[in-house]
Amino acid sequence: KPDYIIFGVFCGECDGECATMYKLDVPNNTLVADHTDSYWEYKNGTPMKFETTIQGKSATLLARQVLDSIPSFIMDSTETTQRFGCPDCKDGCGMFLEVKKDNKVRQFYIDYQTGKLTGEIKIFADHLKKIISQM
C-alpha cells in the first residue's frame, strides 16, 4: 500500500475554486482537502495547502475506493510523470493523481473528457471522476 494518494480536478480556465485536491494518508486513514488552488504552485515545487480536515466517514470511504481502484499499471509504474489523453486542453479540465509508495512519488495527469480514453485507464478515470463529483 502507498503512504498517501492525492487526487482531484484542476481547471486552468476558470474563476473561483479551480483545483480542488484531496489527500488520503493511507496508514492513518485520514483525509484532508486543499480548496486554495495551491495545486498551481505545487507544479512549481511549492507544497499544497491541505488545511481542511474531512471528518465524515463517507468521504474517507470514497477516498479509499479511489485507492482500491487504482490499476496495477499505475501503482507499479516506474515513470515519475505520465499523461493520459489531453488533460485541461480546450478548457476541458484534468484529473490529478499522485501516489507515494516506497519513497517514490509518481504523478498522473488524466483527461477529464474520459470518452477520449480507452482500456483500463478509461475505466479508472470514469470511476475517479464519479468519486470526485461525490466528494
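Residues numbered from 1 in each chain as written. Predicted model: local features only at pLDDT ≥ 70, side-chain atom pairs only at ≥ 80, totals over all residues. Heavy atoms only, no water.

### Thoughts on the state of the cysteines
Step number 1: One pass over the full model with this rule turns up two disulfides.
Step number 2: A disulfide bridge connects Cys11 with Cys93, and the sulfur atoms are separated by 1.9 Å. Its torsion about the S-S bond being 110°, the disulfide of Cys11 and Cys93 is classed as right-handed. Of the two residues, Cys11 is situated in the loop between strand E1 (4-10) and strand E2 (19-25) and Cys93 in the loop between strand E5 (81-84) and strand E6 (94-101); the sequence distance between them amounts to 82 residues. Cys93 matches Cys11 in its accessibility class, with the two residues each being buried. (Disulfide = S-S within 2.5 Å. Helix = DSSP H or I, 4+ residues; strand = E, 2+ residues; numbered from the N terminus. Buried < 20%, exposed > 50% of the residue type's maximum accessible area, 1.4 Å probe, protein only.)

### Quick notes on unusual backbone geometry
Trans peptide bonds make up the majority, and among non-glycine residues the majority have a negative phi.
Step number 1: Not every positive phi belongs to a glycine, and Asn29 is a case in point at roughly 55°.
Step number 2: With a phi angle near 65°, Cys93 is a residue other than glycine that sits in the positive phi range.
Step number 3: For Cys93, a relative accessible area of 15% puts it in the buried group.

### Observations concerning the confidence of the model for the chain
Step number 1: Of all residues in the chain, 100% have pLDDT values of 70 or greater, and the mean over the chain is 92.
Step number 2: Across the chain, the element-wise mean pLDDT spans from 87 in helix H1 (residues 39-42) up to 97 in E1. (pLDDT = per-residue confidence, 0-100.)

### Structural notes on the environment of Ser69
Step number 1: Here Ser69 shows up in helix H2 (residues 57-69).
Step number 2: Note: C-alpha distance between Ser69 and Lys100 (31 residues apart in sequence) is 16 Å.
Step number 3: Not counting the four nearest positions on each side in its chain, Ser69 is found in contact with Phe124 and His127.
Step number 4: In terms of polar contacts, Ser69 uses its side chain to reach the backbone carbonyl oxygen of Gln65, at 3.0 Å.
Step number 5: Of the polar contacts made by the side chain of Ser69, one reaches the backbone oxygen of Val66; its length is 3.0 Å. (Contact = heavy atoms within 4.5 Å. Polar contact = N/O pair within 3.5 Å; in protein donor to acceptor, adjacent residues only side chain to side chain.)

### Digging into the nonpolar core
Step number 1: Ile5, Phe7, Ile70, Leu97, Ile110, Phe124 and Leu128 are the most contacted members of the largest nonpolar core, which has 31 residues in total.
Step number 2: At the level of elements, E1, E2, strand E3 (30-34), H2, helix H3 (72-75), E6, strand E7 (104-111) and helix H4 (119-134) are the ones that each hand at least two residues to this core.
Step number 3: Per-element accounting of this core gives the leading share, six residues, to H4.
Step number 4: Among all residues touching Ile5, those that are not within four sequence positions of it are Tyr22, Lys23, Leu24, Val26, Ala63, Val66, Leu67, Ile70, Glu98 and Val99. (Core = buried A, V, L, I, M, F, W, Y, C linked by side-chain atoms within 4.5 Å.)

### Describing the packing of aromatic side chains
Step number 1: Under the criterion given, the structure shown has ten aromatic pairs.
Step number 2: Consider the rings of Phe84 and Phe108, whose centres lie 6.5 Å apart with planes at 20°: the pair is stacked. In this pair, Phe84 is assigned in strand E5 and Phe108 in strand E7, connecting sequence segments 24 residues apart.
Step number 3: Residue classification places Phe84 among the buried residues on the basis of a relative accessible area of 13%.
Step number 4: Accessibility expressed as a relative area gives 0% for Phe108, which makes it buried. (Phe/Tyr/Trp six-rings, centres within 6.5 Å; stacked < 30°, edge-to-face > 60°.)

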